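Examination of the molecular architecture
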Amino acid sequence: MTINSVWLYSLNVRLGHLSKLVTISSHRIIQNYVQLLAYLQLPWIGHLDMMDFPSSPSGLQHFKDVKNLFLLNNAVLIITIGPAIYWLRQLILRRQVWRLIRPFQVAAVVPVMAGLMMLVNFNQFFYYFP
């Protein structure tokens, strides 16, 4: 969800004064970002071509790999949303929502632990979890 938050990226562009670093307007930087998002999220866009940021062959390969991960993620979401809703409704009807306590506890702790590991050495962490 965060990557699709154009408003959040726009805020980052303005607060980080990115237009001064790349000598193009903030609006134009955001347009390039929207082009990148369209490439990553829409399966019918097969080539990344941003207006102001050329890409190297290795950069294009990286974004192709990222696109495949995004599309896989979206496919898993589409396939599993129905069964997940059905299962949650069954838990509610059977008054067994308490079964979600442990998964939510784990879901609360794992990001904190991952964040602490990243604080130690982000580059090394990035290699372990590509």
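Residues numbered from 1 in each chain as written. Predicted model: local features only at pLDDT ≥ 70, side-chain atom pairs only at ≥ 80, totals over all residues. Heavy atoms only, no water.

The next subject is the nonpolar core. By size, the foremost hydrophobic cluster in this structure holds seven residues: Leu-36, Tyr-39, Leu-40, Leu-48, Met-50, Val-66 and Phe-70. Of all the secondary-structure elements, those providing two or more residues to this core are helix H3 (26-41) and helix H4 (57-93). Tallying contributions element by element places H3 first for this core, with three residues. Not counting chain neighbours up to four residues away, the residues in contact with Leu-48 comprise Gln-35, Leu-36, Tyr-39, Ser-55, Leu-60 and Phe-63. (Core = buried A, V, L, I, M, F, W, Y, C linked by side-chain atoms within 4.5 Å. Buried < 20%, exposed > 50% of the residue type's maximum accessible area, 1.4 Å probe, protein only. Helix = DSSP H or I, 4+ residues; strand = E, 2+ residues; numbered from the N terminus. Contact = heavy atoms within 4.5 Å.)

What follows is about the environment of Ser-58. Take Ser-58: it is sitting in helix H4. Judged by its relative accessible area of 56%, Ser-58 falls in the exposed class. Here the side chain of Ser-58 touches Ser-56 through a polar contact of 3.2 Å, side chain to side chain. (Polar contact = N/O pair within 3.5 Å; in protein donor to acceptor, adjacent residues only side chain to side chain.)

A word on the packing of aromatic side chains. Enumeration according to the criterion identifies one aromatic pair in this entry. Judged by centre distance (3.9 Å) and plane angle (15°), the rings of Tyr-9 and Tyr-33 are stacked. Here Tyr-33 lies in helix H3 and Tyr-9 lies in helix H1 (residues 6-15), a separation of 24 residues in the sequence. Residue Tyr-33 is classed as buried on the basis of its relative accessible area of 12%. Taking the ring centre of Tyr-39 as reference, the NZ or CZ of Lys-67 above it sits at 4.5 Å. (Phe/Tyr/Trp six-rings, centres within 6.5 Å; stacked < 30°, edge-to-face > 60°. Lys NZ or Arg CZ within 6 Å of the ring centre and 35° of its normal.)

When two helices pack together, their arrangement is given by the angle between the helix axes and the distance between those axes. Between H1 and H3, the least distance of the axes is 10 Å, while the angle of their chain directions is 145°. Considering how the two elements wind past one another, H1 and H3 form a crossing that is right-handed. Contacts between H1 and H3 involve Val-6, Tyr-9, Ser-10, Val-13 and Arg-14 from the former and Ser-26, Ile-29, Ile-30, Tyr-33, Val-34 and Leu-37 from the latter. (Axes fitted to C-alpha atoms, helices over the stretch in contact; angles between N-to-C directions. Left-handed = near helix turned anticlockwise from the far one by under 90°.)

With respect to the helices, strands and loops of the structure, Lys-67 is situated in helix H4. For Lys-67, a relative accessible area of 7% translates into the label buried. Linking Lys-67 and Gly-46, residues 21 residues apart in sequence, is a C-alpha distance of 9.6 Å. Excluding residues within four positions of it along the chain, Lys-67 makes contact with Tyr-39, Leu-40, Leu-42, Pro-43 and Ile-45.

Following both chains from N to C, one finds H3 and H4 inclined at 60°, their axes separated by 8 Å at the closest point. Viewed along their axes, H3 and H4 adopt a mutual orientation that is oblique. Contacts between H3 and H4 involve Leu-36, Tyr-39, Leu-40 and Gln-41 from the former and Phe-63, Lys-64, Val-66, Lys-67, Phe-70, Leu-71 and Asn-74 from the latter. Split into classes, the residues belonging to the contact of H3 with H4 amount to seven nonpolar, two polar and two charged. (Parallel < 35°, antiparallel > 145°, perpendicular 65-115°, else oblique. Nonpolar A, V, L, I, M, F, W, Y, C, P; charged D, E, K, R; others polar.)

The full count for this structure, using the stated rule, is one salt bridge. Among the salt bridges present, the one from Asp-52 reaches Arg-28, with a minimum N-O distance of 2.7 Å. With Asp-52 in the loop between H3 and H4 and Arg-28 in helix H3, this pair connects stretches of sequence that are 24 residues apart. A residue is classified by how much of its surface remains accessible, and Asp-52, at 28% relative accessible area, is partly exposed. (Salt bridge = Lys/Arg side-chain N within 4 Å of Asp/Glu carboxyl O.)

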